[in-house]
Amino acid sequence: MQINSPDGHLKVTVSDEGGGIAYGVFYQGREILAPSPVGVQLDGVSYGASDQLGRVKSSTIREKFAWRGNKSKIDLRGTKVVIEAKHASGRGWELEFRCFNNGVAWRAVVPGAGEHRVTGERTAWTLPQGTVAWCNPDTLNYEGVYRKHRVNEIPSKEFSRGIGFPITFELAGGFYAALTEAEVMGYSGMTAEATGTWTLKSAFCDDPEGWMMDGDVRTPWRVLLVGDSLDRLVQGSDVVPALCAAPDKALFPKGVRTGWLKPGRCLWQWWAFDNAGTLWEKQHYFVDSAAALNCQYYLVDEGWEHPDQKWSTEGKTAWQRMKELCDYARNKGVDIWIWSGWTHNPKRLWPGLETPEKRETFFKRCQEAGVKGTKIDFMDSESHKMLEFYQDCLRFGAQYKVMVNFHGANKPAGEARTWPNEMTREGIRGLEYNKWDVLPEAHYATLPFTRYLAGHGDFTPTTFQSKNVKGTTVSQQLACAVITSSPILCWADKPEVYLDSPVVDFIRTMPAVWDETRVLAGSRIGELAVLARRSGKSWCVGAVNGGDEQSYTLDLSFLGRGQRMADFVMDTPGEPLKFAVDRGVAVNARTTREIRLSRGGGFVVRIR
């Protein structure tokens, strides 16, 4: 059978012939995915391996909802197809497809009461010969550097724990695709295994022996995004949240627009100050600095509960001090986020959140103290058990109206659609690595087209310090706040570094969420990323250069009618720590400008 997207450019074929159920994908007449197996291994039975397809139910769907990050709303039309299947044992199950203009997804639904053991899936993907893949080797906390390999040459030793999603593909003819998953809560996180051929196999490296589930077994959505340009690929990432369940209206009556869910800029002290930044005596300074930088939030990182940080003095507990800080900050127009390790650590005096009782107590204390959000760290797994932990934190967070930022975490998979109090998460190799290592120049220009296809990422951008710029320029560092997307935008550097810079007005006004995003022509994975983002009537263009010095011709035709004013922040050739600033330039949709990019350089253009 064949399933078509609403515009007819994406076609899916599904067959139960030739050794099991398989599907293939064609986009604009080109094969993107050769027939590839589907199915789940459950209670010793491999569903999909020797099954027959039965009755088909087809309908049109529309997913329209408010969103945050790359855009302020998602509106997708698609085709929903539910196919009945019967295993050779006689047991029935369903295979569901959803097909949109820039992506297709499927999941298996096996009904049944009681407990079941899931031991894996038949799922695999066969790519056309010659396809190049961008692969993340870190499936522990997804903080790897993406590597570029032909699919049949992905080295198994380098990817011994599998390949982390998303995986982005470059195909012949200028086409792109990406594999990821959606709605993983209640299951286990999937990774991919290289086979030395053009086929990748599914794996579950955090649950190699399987896991138990109760009642009906629904696999997560297995998602393939497609596009004939990087812009189309990035726009197609809307499919990931659109596949997830809508939020509970009792908890989130207006979805992501529910009143207590507020995106914003956030000052963060750990990266620039280490543990000394958590000393009680410095907390008013950081709050005052956050206010001076027009940040809506200040994040108190690890150690605030440790006696060495001197919060517990004068007969007061650390939580009593936290309430004092929240009260002080509120008078400055700043709200507080706090850090917590997920597990108990006696040496570092982390109380931990590893039991439901501890979780509820923690979130209740946050509400009582006036804390608005929490950064939960060091899970380093997406096992079935750990995904239950994530969901439990979001559930308690919703109950006590506390926002959440998961660090030491796996990639997102649309969870923020169902639980919009997840404001951001890490699952990315961010700027913190420049404290002890060096981020490759190409890494910056790779992320918008790989990791960010899965959703928000707490990259913690922008340093202007010479010791931390490391192979980039200060203009590129500012641009990172544009090309990365995190509804809680955590600034990494010292407040005075920003306040004393000639671009402090950009820091003070940088949007944390956008109404529209476009990938501009000339962008190339790992070489150059140029993104234009709109907030209200203003636009911001950010560019990062992943390679050698080059020129880029900025074309502002996306602006539409009318004259506007623009401020340019560019590289100064040979001086990576110096901005070249050109303010108050009249521009319109006919304007073009050639901009010289240093090696590892970048630029930012603010258009109002």
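Reference entry: report on the structure contained in this document. (Residues numbered from 1 in each chain as written. Predicted model: local features only at pLDDT ≥ 70, side-chain atom pairs only at ≥ 80, totals over all residues. Heavy atoms only, no water.)

### Describing the overall build of the protein chain
Counting its secondary structure elements, the protein chain contains 13 helices and 36 strands. For the protein chain, the C-alpha atoms occupy an extent of roughly 70 × 60 × 45 Å along the three principal directions. The buried share of the protein chain, taken over its 608 residues, is 61%. The contacts in the protein chain between residues at least 6 apart in sequence include a share of 70% that link residues at least 24 apart. Taken as a whole, the protein chain presents about 22300 Å² of accessible surface, with 48% of it coming from carbon and sulfur. For the protein chain, the separation between the mean place of its 74 positive charges and that of its 72 negative charges on side chains is 5 Å. (Helix = DSSP H or I, 4+ residues; strand = E, 2+ residues; numbered from the N terminus. Buried < 20%, exposed > 50% of the residue type's maximum accessible area, 1.4 Å probe, protein only. Contact = heavy atoms within 4.5 Å. Areas by Shrake-Rupley, 256 points an atom, 1.4 Å probe, with all protein chains shown as cover. Lys, Arg positive; Asp, Glu negative; His and termini not counted. Charge placed at Lys NZ, Arg CZ, Asp CG, Glu CD.)

### What about the side chain of N136?
Following the sequence through the fold, N136 ends up in strand β13 (residues 132-136). Within the structure, N136 has its side chain in polar contact with the backbone nitrogen of D138 (distance 3.0 Å). Not counting residues up to four positions away in its chain, the partners in contact with N136 are Y142, G144, V145, Y146, F159, G162, I163 and G164. (Polar contact = N/O pair within 3.5 Å; in protein donor to acceptor, adjacent residues only side chain to side chain.)

### Things to note about the packing of helix α5 (residues 318-331) against helix α6 (residues 356-369)
Axis separation between α5 and α6 bottoms out at 8 Å; the angle between their running directions is 40°. The angle between the axes of α5 and α6 places the two elements in the oblique class. Note on element contacts: α6 touches α5 through F362, R365, C366, E368 and A369, opposite W319, M322, K323 and C326. Along the lines of polarity and charge, the residues of the contact of α5 with α6 split into 6 nonpolar, no polar and 3 charged. (Axes fitted to C-alpha atoms, helices over the stretch in contact; angles between N-to-C directions. Parallel < 35°, antiparallel > 145°, perpendicular 65-115°, else oblique. Nonpolar A, V, L, I, M, F, W, Y, C, P; charged D, E, K, R; others polar.)

### Some remarks on the sheet that holds strand β11 (residues 115-121)
In spatial order, the strands read β6-β5-β11-β19; together these 4 strands make up an open sheet with antiparallel pairing. Whereas interior strands pair on both sides, the edge strands pair on one side only; in this sheet they are β6 (45-47) and β19 (211-214). Neighbour-to-neighbour, the strand axes of the sheet open up by a mean angle of 40°, direction not taken into account. (Pairing = 2+ DSSP bridges.)

### Remarks on helix α11 (residues 474-483)
Within α11, 10 of the 10 residues are buried, which leaves the element mostly enclosed by the surrounding structure. Listed in full, the buried residues belonging to α11 are V474, S475, Q476, Q477, L478, A479, C480, A481, V482 and I483.

### Quick notes on the pairing of strand β32 (residues 550-555)
Residues Q550, Y552 and L554 line the buried face of β32, whereas the alternating positions S551, T553 and D555 sit on a face that is not buried. Bridge count for β32 against strand β35 (residues 592-597) is 6 bridges, and the pairing is antiparallel. Among the inter-strand pairings, D555 is bridged to a residue of β35, identified as T592.

### Concerning the sheet that holds strand β27 (residues 422-425)
Taking strand neighbours across the sheet as the criterion, the 7 strands line up as β27-β26-β25-β24-β23-β22-β28 in an open arrangement whose pairing is parallel. Lying at the two open borders of the sheet, with one neighbouring strand each, are β27 and β28 (488-491). The sheet shows a mean angle of 25° between the axes of neighbouring strands, taken without regard to direction. Both strand β25 (residues 373-377) and strand β26 (residues 403-406) contribute to a ladder of 4 bridges, which runs parallel. Each residue of the ladder has a partner; that of G373, found in β26, is M403.

### A look at the nonpolar core
Nonpolar side chains in soluble globular proteins tend to be buried together. In terms of nonpolar packing, the biggest core is built from 128 residues, with Y298, M322, I336, I338 and I376 touching the most fellow members. Broken down by element, the residue count for this core peaks at 8 residues, all from helix α7 (residues 384-399). Setting aside its immediate chain neighbours within four residues, I336 contacts V287, Y298, V300, M322, L325, C326, A329, V371, K372 and G373. Residues Y47, A85, W125 and F159 belong to the second largest nonpolar core, which totals 52 residues. (Core = buried A, V, L, I, M, F, W, Y, C linked by side-chain atoms within 4.5 Å.)

### What to know about the pairing of strand β8 (residues 73-87)
Sheet topology note: the strand β7 (residues 51-66)/β8 ladder contains 14 bridges and is antiparallel. If you follow K57 over to β8, its bridge partner there is V82. As consecutive antiparallel partners, β7 and β8 are separated by 6 residues, and within that stretch G69 has a phi angle of approximately 115°, a positive value. Two elements, β8 and strand β9 (residues 92-100), share 8 bridges in a ladder whose sense is antiparallel. Bridged to T79 within β9 is C99.

### Quick notes on the side chain of D238
With respect to the helices and strands, the residue D238 is situated in the loop between α1 (230-236) and α2 (239-242). A relative accessible area of 11% places D238 in the buried class. Ignoring anything within four residues of it in the chain, the contact list for D238 reads K71, I74 and L76.

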